[in-house]
Amino acid sequence: MKFKFSRQNLSPKEQSQERILEIIPGLLSWSVLLGIPALSAFSPHIASGIIIAFMLYWLLRMFYIAIFLVLSYFRLACEKQTDWQARIAILDQGGNPQGPHREIKGQISDWLFSRDLKRYRKSKAARMASADVCHLVILTVSNESSEIVAASVQGLVQSRFAAQQIIPCIALEASAPETIRQDIFDMQRNQKNHFKDFLVFIHPEGIAGEAKVKGANATYAARQAEIYFQEHKIPFENIIVSCFDVDTIADPNYFGCLTYSFMICPERDRASFQPIPVYYNNIWEVPGFARVLEMGASFFQMIEVTNPEKLVTFSSHSMSFKALTEIDYWPVDMISDDSAIFWKALLHYDGHYRVIPIHVTVSMDIAVGKNTWKTITGIYKQKRRWAWGVENFPILMRGFMHNQKMPLLIKLRHGIKMLEGNLSWATIPFLLTLVGWLPLLWSNNAFANTTFYYGSNRVVSVIFGLSTIALLTTILISVALLPKKVSRYSLFWVVIHALEWCLLPFVFIIFSAAPALEAQTRLMLGKYMDFAVSKKRASA
Amino acid sequence: MQLLRKILFALFFSLYVVLCPLLILYALGYIFTPHGKESLTRTGLIRLVSYPSKAKIFINGKNTGEITPATFSSLRQGSYRVRVEKQDYLTWQADVQINPSHAEVIDPLILVPKEKQFKKISDASFDSIIPILKTDYLLLFRGNKIKDTAVYSLSKETIKPLAVKDFTYDGAEIMHIFNQQKDTQVVFKLKHKGKNRFVILDLTKEGTAFKDITSLFIDPDKTENVFWQPENRRHLFVRRGDIIDKIDLDAEAVTPEWVDGILGFGMGENEVFVLKKNLLITKKVSDEEKPEAYPVPLQFQAAFDARQHYKIEKLEKDIFLFIGDQGDFIVSRPPYQMIDEDIHGFEIEKKHKQVLLWTKHQIGIMQFEEDSSKDSPFEPGPAIHWLFTKASRIEKAFFAHDGSHVLFQDKDRVYLARSELYAGEKANEFFRVWEGTHFYYAEQKGSFYFLDRRNSYLISWKLIPDEVLLQFMRTSEQEKEGKTA
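An account of the accompanying structure is given in this report. Worth saying up front: this structure is predicted, and the values here are computed from it rather than measured. (Residues numbered from 1 in each chain as written. Chains lettered and ligands numbered in written order. Predicted model: local features only at pLDDT ≥ 70, side-chain atom pairs only at ≥ 80, totals over all residues. Heavy atoms only, no water.)

In terms of regular secondary structure, chain A is built from 17 helices and eight strands. The globule rule puts the C-alpha radius of gyration for 540 residues at 24 Å, and the 24 Å found for chain A is close to it. Seen through its C-alpha atoms, chain A measures out along the principal axes to roughly 80 × 65 × 50 Å. Evaluated residue by residue, chain A yields a buried proportion of 57% over its 540 residues. The long-range share in chain A, meaning contacts at least 24 apart out of those at least 6 apart in sequence, stands at 82%. Of the roughly 22600 Å² of accessible surface on chain A, 61% is carried by carbon and sulfur atoms. Side-chain charges of chain A comprise 54 positive and 43 negative groups, with the mean position of each set lying 5 Å from the other. (Helix = DSSP H or I, 4+ residues; strand = E, 2+ residues; numbered from the N terminus. Rg over C-alpha atoms; globule rule 2.2 N^0.38 Å. Buried < 20%, exposed > 50% of the residue type's maximum accessible area, 1.4 Å probe, protein only. Contact = heavy atoms within 4.5 Å. Areas by Shrake-Rupley, 256 points an atom, 1.4 Å probe, with all protein chains shown as cover. Lys, Arg positive; Asp, Glu negative; His and termini not counted. Charge placed at Lys NZ, Arg CZ, Asp CG, Glu CD.)

In C-alpha cells form, the structure reads like this:
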C-alpha cells in the first residue's frame, strides 16, 4: 500500500485524524497517573483493588521478562563461539553442520542451525552465494569527532567477514565543521583499500520536505549509494544496508552473522535484521546512574529480540537495500527514523514484513557531558528523543486505518504493543513509587480501619518481595554481560558498583518515565521536538 | 522460541486471571470454607502495636506465637479475648469484638511497667504544681507569694526561684496566672499592697526580671482574662466584662475597647473569634483585613446563657466550641448543646478532631470524625462516648500521645486508659498525688511529674523508657508525614 509515512502535508481530514491520535498516548498516561491518586483520595477501596491488579500484573510481567532475558542471554552465549564463516560456507556449498560439539552451548547452536537450514532448504527462496553479498554500512555524522567515526570504521576493518565486501558510507552533514570534513576525507583515503569501496556523501542543507533529522542524512546517502550501485551494476537484492549510529562498534562477528541470517532467510527482502544494541563502549567511564540506566536499556533489547513477532527495529540495524529503495528510504522529517523505517515497511508490504533478531551485539556510547550535570541533561534529552518514538503512533494508526489488505491480527498486535509500551514506559516507575506511599496517605483515613487496608498492604508487600527475585535475575544477567573492567577493579569498587543498583528506582523515574511522559505530553499538546545530537564521550 | 513464548504467555495470562480476583478477595478479608454453612465468609482482623514491642500475644487463651507488632487476619465475626504479655510489664487484656471487613487497630498500646521507680526531684515540699502545658516548665508553689514560687525545667532538671532577688513584688500574692499552651511567656496577676499588678515573664530567659505591664491594662481590677497566641506574643487581648482591649507590648500601647458587647472570645492562628448575640466574627489580629461575620442560628442563640462568658476554641475550619465559665459546653454543629451537666474541663486534640471533656463524675470524648458511611441521608453530628461514668471527683484529664490515651486524676488517684476501651479492658491506676494538687505528664519525655502524697516532694516517674519513646515518636512522625503527603 502506498502511504506517506509523515505528518507533513496532510489533507484536512488526515490532519484531524493525526491530531486526535497524537493526543491518545499522553492522555492515557496522564489519566493513569492522575487517576490513581485521585481515586485513592475519593475511593480507597477501588484504588486498592486496582493497585493489587496492577502489582500482580507487574510481578508476572517481571517473571515473564526474566525468563526471556535468561533465554536471550543463553542464546547469546550459545552463539558467542559460533563460526559464522563456516556456516556461510555450508550455505554456499550445500553441506551439513559439522560434527558434534563437546559442549552443550555448541550443540544447541548446531541444532538451531540445522533447524534453520532445513526450513531454508524447504523454502523456494532464491539461493544466494556469499560472495555476491555486499554490505553498505551508513554512518551518519553530524558534528561527532573523527575519533568516534574512526573507531566505528576500525570495527568494520576488524570484521571476521571479508571487509572487501563491505562499503562504509559516511553520511556527513554539510553543516559539520571543516576539520571533521577534512578528517573524514583523510579517513576515506587511508582506509579505502581495506574495503570494497569507501563512500562519503555530504548531505546538503535545505532540501525541500526535510527536517534536521538523522533520517534525512541517511536517506540522502542511500539515494547517492543507489546511483553508485546502478553505475557499478551491483544488484540491489544482493546488498544489505546497515544504518549505524556513528558511535556503533560492531562485534567482529556481526557481518558474518548478518550475512548468514540474510542468506538463510527465505524472504530476505521482507525483513530487517536487528542485533542487540548494548551501551558498553564507555560504560566504565560514566557516572553510576548512567551505567545502571544503560544496562537496563541493554537488557530491554535482549528481551525484545526474543519476540520476533512484535520486534521493531531500534537503533543500529540492517535490511535489504532492495526493500529500502522500494519503501522510499527512511522518513526525512521524523526523529525516530530507526523504528519508523520498520513501520514504513510494514505498511508498504501490507503487514508482510518482519524483524529477524540476530544474536550478536553492537556496542554504542553512553551519552556523556563535560561534567555530571551535562551528562544528566544529555542522557535525559537522549531518552526523551527515544521516547519521541511515540510520534510513530498516530501515523501508524492512520496507516492501519487506510490499509485494508493488512491482517487485523497484525494491526492489533503492533497497535496494542505500541500503546501499552508507551503507557508502561511513562507510568510504571511512577506507579511503583506511588504504591509505596499510598498506605501512609491512607493511615489517617477511615479506610485504615478496614481489613482491605491491611490485606492490600500485605499482598502488595509480598508481591514487591517476589518481584525482587525477578529483578535480581535481570541485574545478575546485566552484570554478566558487562565488559570486564580494565582498572579500578578492587573490592571497594565492586561494592560501589553493587550499590549503584540502589539508584534504580530514581534512575527509572528521572531518566525513563519522566522523559517518556514529557515526549508524550509534547505530542499531546502538539509541541513537536527537534532533533539534537547526543554528546558521545568527552572528545566529542 | 515463538511457541514457548505463546505457551508461557497463556500460562501467565491464566495465572493472572485466576490470581487477581483471589488476591483481591483475600485482601478484602474473604475466606473460603468448602464444607461450612457459608462457604465464602468475610472476616475481620486485629492489629496490635505495643510500646515496648515484642510482647507475646494470646488470643482466646492460646499463645499465638506472634509478638507485637502483629496483625491477625481471617477472624470470623465474634468476640475475642486478647491478652498481651511482656516480662516486667503489666498484662493487658480485653474482649475485642470483630466485625466483618473491619480492622480493630490497637495502636498504640502502651504497656505499663510493673515496678514503678519514682524519682525524687526536690528535697523540699510544695503546695501545688502548675504545668505550663507542652513546654519545658512547671511552676511549683509553696503558698501563693512570688518569692515562694519556683520553676522546674524538665530538660535541665533544675529547680530555680521564679523571681530574681530583690524583685519589687517579692511579697506580692499571685492572684492568677495566664498562660498559653506551647508558650513559655506567662502573665501573672499579683496583689501588691492592695493593688492589682500585671507582670510578664519569659521562663526561658533565666534571671530576667519580670516586666510590669500594669500601665497597659485599662482597668486592672476588672480584668478577667488575658489571651495571646504563641506565634504572636506581641499582642495581648485583655477581657474585662464584655470588652476586649488590645495591648501592643512592643509599642507599649493599648487599644481600649478593641471589641465590645461580646459574649465569647477566643483565638486561633493569627485570628480572633468574637461571639456577639447574633453574630460570630472572625477577625485578623493585625486588623489588616476586614472581619468576617457569620449570623448565629436562632436555635444556637437559645443555647447560650447571657450570664456566662464563653471561651471560643476552633477545632477545625468549620467547627467551633464555646465553653462557658460556669460549665456550659456548646458546639457550632447541631444539636449545639451536647450535655446537660456542667463540664469541669476540656482538652482539644486536633489531629483526630476530638475533644476530651469531663464533669464531676464522668469523662467523655467527643468525636467530630466524619462517618465513613456516606450512604445515610442524615448528616452525622458530633457524638460523645463516655469512658468513665462513676468517678468520685475528676480533677484533671489529658489526652496523651496523639489522643490515643487518656490520663486522668480521680480525687488523688492518677489513671491511664486507652481512648477507646474494649469490654473487659481496665484503666491502670498509677499513683496518688498530694491532696488537692494535680499531676503533669510530659509526653516528649514519657514522664509524670507530681507532688508525692506523703511529703509533697516533687516526684517524677518514667512511664515510657527513652528507647521505646524514640520508637514511638518515629512512628508518629511517619504518620504525620503521611498526613502531610
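That shown, we press on.
Here the focus is the overall build of chain B. The number of helices and strands found in chain B is three helices and 40 strands. Judged by the C-alpha coordinates and their principal axes, chain B covers about 100 × 55 × 55 Å. Within the span of chain B, comprising 485 residues, buried residues form 48% of the whole. Put simply, 45% of the contacts in chain B that link residues at least 6 apart link residues at least 24 apart. Of the roughly 24400 Å² of accessible surface on chain B, 49% is carried by carbon and sulfur atoms. Here chain B carries 67 positive and 68 negative side-chain charges, and the mean point of each set is 4 Å from the other.

Here we take up the sheet that holds strand 4 (residues 56-59) of chain B. Residue and element names in this part refer to chain B. Pairing is antiparallel across the open sheet formed by four strands, whose spatial order is 5-4-7-8. The outermost strands of the open sheet, each flanked by one partner alone, are strand 5 (62-67) and strand 8 (92-98). Neighbour to neighbour, the strand axes of the sheet diverge by 30° on average, direction disregarded. As judged from the four bridges shared by strand 4 and strand 7 (residues 78-85), these two strands associate in the antiparallel manner. Among the inter-strand pairings, K56 is bridged to a residue of strand 7, identified as E85. (Pairing = 2+ DSSP bridges. Axes fitted to C-alpha atoms, helices over the stretch in contact; angles between N-to-C directions.)

It is worth spelling out the interface of chain B and chain A at this point. On the side of chain A, 34 residues touch chain B, which itself brings 35 residues to the contact. Summed over both sides, the interface between chain B and chain A buries roughly 3100 Å², with carbon and sulfur atoms accounting for 69% of that surface. Per-residue buried area on chain B facing chain A is highest for M1, R5 and F12 of chain B; these three make up 22% of the total on that side. Joining chain B to chain A, the criterion identifies one salt bridge. Salt-bridge contacts for K6 of chain B lead to E309 of chain A; the nearest nitrogen and oxygen are separated by 3.2 Å. (Buried area = accessible area lost by both parts, 1.4 Å probe. Salt bridge = Lys/Arg side-chain N within 4 Å of Asp/Glu carboxyl O.)

Residues and elements named next belong to chain B. Strand order in the open sheet formed by four strands is 30-31-32-33, and the pairing between neighbours is antiparallel. Each edge of the open sheet carries a strand with a single partner, namely strand 30 (345-349) and strand 33 (383-388). Taking the axes of each pair of neighbouring strands and ignoring which way they run, one obtains an average angle of 20° across the sheet. Pairing of strand 31 (residues 354-358) with strand 32 (residues 363-367), which is carried by five bridges, proceeds in the antiparallel orientation. Counterpart to V355 in the pairing with strand 32 is M366.

Let's shift gears to the environment of S512 of chain A. Residues and elements named next belong to chain A. Tracing the chain through its elements places S512 in helix 17 (residues 504-525). In this structure S512 comes out as buried when scored by relative accessible area, which is 13%. Counting along the chain gives 85 residues from S512 to T427, while the straight-line C-alpha distance between them is 9.6 Å. Those residues in contact with S512, other than ones at most four positions away along the chain, are W425 and V507.

Turning next to the nonpolar core. With 182 residues, the main nonpolar core has L136, I138, I170, F229, F255 and F321 of chain A as its most contacted residues. With 17 residues, helix 2 (residues 44-79) of chain A is the largest single contributor of residues to this core. Once you skip the residues sitting within four places of it in the chain, L136 of chain A turns out to touch I167, C169, L199, A225, F229, I239, I240, V241, S242 and F321 of chain A. By size, the runner-up hydrophobic cluster in this structure holds 35 residues, among which are I110, L416, V433 and A442 of chain B. (Core = buried A, V, L, I, M, F, W, Y, C linked by side-chain atoms within 4.5 Å.)

All names here are of chain A. For helix 1 (residues 12-42), built from 31 residues, the straight-helix expectation of 45 Å at 1.5 Å per residue is met to within 8% by its first-to-last C-alpha distance of 42 Å. Along its length, helix 1 shows its largest kink, about 30°, at I24, and proline P25 lies within four residues downstream of that point. The complete set of buried residues in helix 1 reads E18, L21, E22, P25, G26, S29, L33, I36 and S40. At its buried positions, helix 1 is contacted by helix 2, helix 13 (392-402), helix 14 (408-442) and helix 17. (Expected span 1.5 Å × (residues − 1). Bend = angle between axes of the 7 residues up to and from the residue.)

Another point: the pattern of salt bridges. Residue and element names in this part refer to chain A. This model, assessed by the stated rule, comprises 47 salt bridges over all chains. Close ionic contact of K192 with D197 constitutes a salt bridge, the shortest N to O distance being 3.9 Å. With a closest N to O distance of 2.9 Å, R522 and E518 form a salt bridge. Of the two residues, R522 and E518 are both situated in helix 17; the distance of four residues between them amounts to about one turn of the helix.

Before going further, it helps to spend a moment on the side chain of S363 of chain A. Within the secondary structure, S363 of chain A sits in strand 8 (residues 354-363). Of note is the side chain of S363 of chain A, whose polar atom sits 2.6 Å from the side chain of N281 of chain A. (Polar contact = N/O pair within 3.5 Å; in protein donor to acceptor, adjacent residues only side chain to side chain.)

A contiguous nonpolar surface patch, about 500 Å² in accessible area, is contributed by F9, F13, V17, V18 and L22 of chain B. Topologically, F13 of chain B is positioned in helix 1 (residues 2-28). (Patch = residues over 30% accessible without salt bridge, like charges linked within 9 Å, V, L, I, M, F, W, Y side chains within 5 Å.)

All names here are of chain B. As paired strands, strand 21 (residues 243-248) and strand 22 (residues 253-259) are joined by four bridges and run antiparallel to one another. Opposite K246, over in strand 22, you have T255 as the bridge partner. Counting the residues between successive antiparallel strands, the hairpin from strand 21 to strand 22 contains four residues, one of them, E252, with a positive phi of roughly 50°.

Under the defined criterion, the tally for this structure stands at zero disulfides over all chains. No disulfide involves C78 of chain A; its nearest neighbouring cysteine sulfur is the one of C257 of chain A, lying 13 Å away. (Disulfide = S-S within 2.5 Å.)

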